[in-house]
Amino acid sequence: QVQLVESGGGLVQAGGSLRLSCAGSGSTFSTLSRDGIGWYRQAPGKQRELVALTNSTGSTNYADFVRGRFTISRDNAKNTVYLQMSSLKPEDTAVYFCYGRRRQTWGFTAYWGQGTQVTVSS
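Reading guide: rules and limits
- Residues numbered from 1 in each chain as written.
- Predicted model: local features only at pLDDT ≥ 70, side-chain atom pairs only at ≥ 80, totals over all residues.
- Heavy atoms only, no water.
- Core = buried A, V, L, I, M, F, W, Y, C linked by side-chain atoms within 4.5 Å.
- Buried < 20%, exposed > 50% of the residue type's maximum accessible area, 1.4 Å probe, protein only.
- Helix = DSSP H or I, 4+ residues; strand = E, 2+ residues; numbered from the N terminus.
- Salt bridge = Lys/Arg side-chain N within 4 Å of Asp/Glu carboxyl O.
- Pairing = 2+ DSSP bridges.
- Axes fitted to C-alpha atoms, helices over the stretch in contact; angles between N-to-C directions.

**Here's the deal with the nonpolar core**
Now for step 1: Within the largest apolar cluster, 27 residues are counted, with the highest numbers of intra-cluster contacts made by Trp39, Val51, Phe70, Val81, Leu83, Met85 and Tyr96.
Now for step 2: Mapped onto this core, the elements with two or more residues apiece are strand 3 (18-24), helix 1 (26-35), strand 4 (37-42), strand 5 (49-54), strand 7 (70-75), strand 8 (80-85), strand 9 (94-104) and strand 11 (116-121).

What follows is the structure, encoded as structure tokens:
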């Protein structure tokens, strides 16, 4: 069973920083890390949207609204992916979900963590 567990959310003032962590089980994490692992977010009343995604080739995709402010990284030895968030804005307030995907012959199977709340006050 695939498990992704997020931590690190909380309340921060605008301009501040937070680091989110997502820990996965051993063999699962290596597969997801290879095929694609990262972060999505969902604000109240809005659709879930991609924040950042990376894979084992080093390819990294960032949403335009976080580029230059957020950094995704991995520690394979700890089976953990991080999202360092800086220069936070009130509009970054959302539930942040860890996301991983496993390649199949027909596409990808998606896996999600339970989410962690990030609230940025003005």
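Here the narrative resumes.
**Looking at the pattern of salt bridges**
Now for step 1: Evaluation of the coordinates by the stated rule reveals five salt bridges.
Now for step 2: Here Asp35 and Arg34 are joined by a salt bridge, their closest N and O atoms 2.7 Å apart.
Now for step 3: For Asp35, a relative accessible area of 6% translates into the label buried.

**Overview of the sheet that holds strand 8**
Now for step 1: Strand order in the open sheet formed by four strands is 1-3-8-7, with antiparallel pairing between adjacent strands. Bordering the open sheet on either side are strand 1 (4-7) and strand 7, each of which pairs with just one other strand. Mean inter-strand twist for the sheet, computed between neighbouring axes without regard to direction, equals 15°.
Now for step 2: Looking at chain direction, strand 7 and strand 8 are connected through six bridges and run antiparallel. Bridging across to strand 8, Ile72 finds its partner in Leu83.

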